[in-house]
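Structure assessment
Single-letter residue listing:
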Amino acid sequence: SLTDAATYPMQLGDLVAAEGGTQLGSFQYVHGLDGRQADEWPHLNAYAFGAATEWIQVLTSPSYRGMADKVPQLRRLELSSFVTAQADWREVVVLMLVRERTREDVLANLLASMPVDGRVVWDAPVEALSGTGDQPWTRAVILDFNQVEVPMSWLRTEHNQTERALVHGRSDNFALVVYQR
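So, here's what we can say about the structure.

Calculation criteria
Residues numbered from 1 in each chain as written. Predicted model: local features only at pLDDT ≥ 70, side-chain atom pairs only at ≥ 80, totals over all residues. Heavy atoms only, no water. Axes fitted to C-alpha atoms, helices over the stretch in contact; angles between N-to-C directions. Helix = DSSP H or I, 4+ residues; strand = E, 2+ residues; numbered from the N terminus. Parallel < 35°, antiparallel > 145°, perpendicular 65-115°, else oblique. Contact = heavy atoms within 4.5 Å. Nonpolar A, V, L, I, M, F, W, Y, C, P; charged D, E, K, R; others polar. Phe/Tyr/Trp six-rings, centres within 6.5 Å; stacked < 30°, edge-to-face > 60°. Buried < 20%, exposed > 50% of the residue type's maximum accessible area, 1.4 Å probe, protein only. Pairing = 2+ DSSP bridges. Polar contact = N/O pair within 3.5 Å; in protein donor to acceptor, adjacent residues only side chain to side chain. Salt bridge = Lys/Arg side-chain N within 4 Å of Asp/Glu carboxyl O.

Topic: the packing of helix 2 (residues 52-60) against helix 3 (residues 62-69)
In contact at an axis separation of 5 Å, helix 2 and helix 3 are set at 50 degrees when each is read in the N-to-C sense. As far as their axial angle goes, helix 3 and helix 2 are oblique. Across the interface between the two elements, V58, L59 and T60 of helix 2 pack against P62, Y64 and R65 of helix 3. Class assignment for the residues of the contact of helix 2 with helix 3 results in four nonpolar, one polar and one charged.

Right under this line is the structure:
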């Protein structure tokens, strides 16, 4: 079947499963709070593999390249990390991507104020393996929540608007995007 932006996540999931990967979650874009418009990917799909080589095998396979080539307008970013994400993600996720300048944890204050409903499901150094456009990220943090209103309200408080501005000032790049199943 022809690949398009709407069926891309499902077809990628099938390809990942064929290579031994497990899908941790598939989410749709809700709102971008920080970053550039280019950082607002329409889908967030997270997978776990037993070995890093399995993910690389997916990305370099003729099936993947053919599928990705059919939707050149779809902005993609494939990240990899040796840190395994927690399983059983809930309905809403907040993706934070940052390019840190120093060893300082520029997200510490923002994460410390997270509501009790939220939890960190992945916090890892990342490496961009492939994708389209600029890939200026060194760390990914994914939080999950039961309802979209909780992270949206939390991130829009005056305190956290200030904290987000401080993250921008202390890092080379920062994106914060909310997704929902």
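Having seen the structure, we can now continue with the description.
A short note on the packing of aromatic side chains
In the structure shown here, the tally under the stated rule is five aromatic pairs. Judged by centre distance (6.3 Å) and plane angle (35 degrees), the ring pair of Y47 and W55 falls under tilted. In terms of burial, Y47 and W55 fall into one category: buried. Through pairs of rings, three or more aromatic residues link up here, namely Y47, F49 and W55.

Quick notes on the pairing of strand 8 (residues 171-180)
Across the ten residues that make up strand 8, a large majority, eight, are buried. Of the pairings in the sheet, the one linking strand 1 (residues 22-34) to strand 8 comprises five bridges and is antiparallel in character. Bridge pairing in strand 8 links G32 to V177. With nine bridges connecting them, strand 4 (residues 92-100) and strand 8 associate as antiparallel partners. Its bridge partner lying in strand 8, V93 is registered against Y179.

Description of the side chain of D34
Tracing the chain through its elements places D34 in strand 1. For D34, a relative accessible area of 12% corresponds to the buried category. A distance of 2.4 Å separates polar atoms of two side chains, one belonging to D34 and the other to R164. A polar contact of 3.0 Å, which involves the side chain of D34, links it to the side chain of H168. With residues near it in sequence (within four places) discarded, D34 still touches R164, H168, F174, A175 and L176.

Remarks on the sheet that holds strand 4
Read from one edge to the other, the open sheet built from six strands follows the order 2-1-8-4-7-5, with strand pairing classed as antiparallel. Looking at the sheet topology across the chains shown, the edges are occupied by strand 2 (43-48) and strand 5 (119-125). Taken over all neighbouring pairs, the strand axes of this sheet differ in orientation by 30 degrees on average, direction set aside. Across the sheet, helix 1 (residues 8-18) lies against strand 1 and strand 2, angled at about 5 degrees from strand 2, the strand it touches most. Sheet strands touched by helix 6 (residues 158-170): strand 1, strand 4 and strand 8. Its angle to strand 8, the strand with the most contacts, is close to 140 degrees.

With respect to the pattern of salt bridges
Any two side chains of opposite charge can pair, on the condition that their charged atoms come close. The full count for this structure, using the stated rule, is eleven salt bridges. With a closest N to O distance of 2.7 Å, D172 and R101 form a salt bridge. Highlighted residues: D172 in strand 8 and R101 in the loop between strand 4 and helix 4 (108-112), separated in sequence by 71 residues. Bridged by salt links that share partners, the residues D88, R90, D117, R119 and D144 form one connected network.

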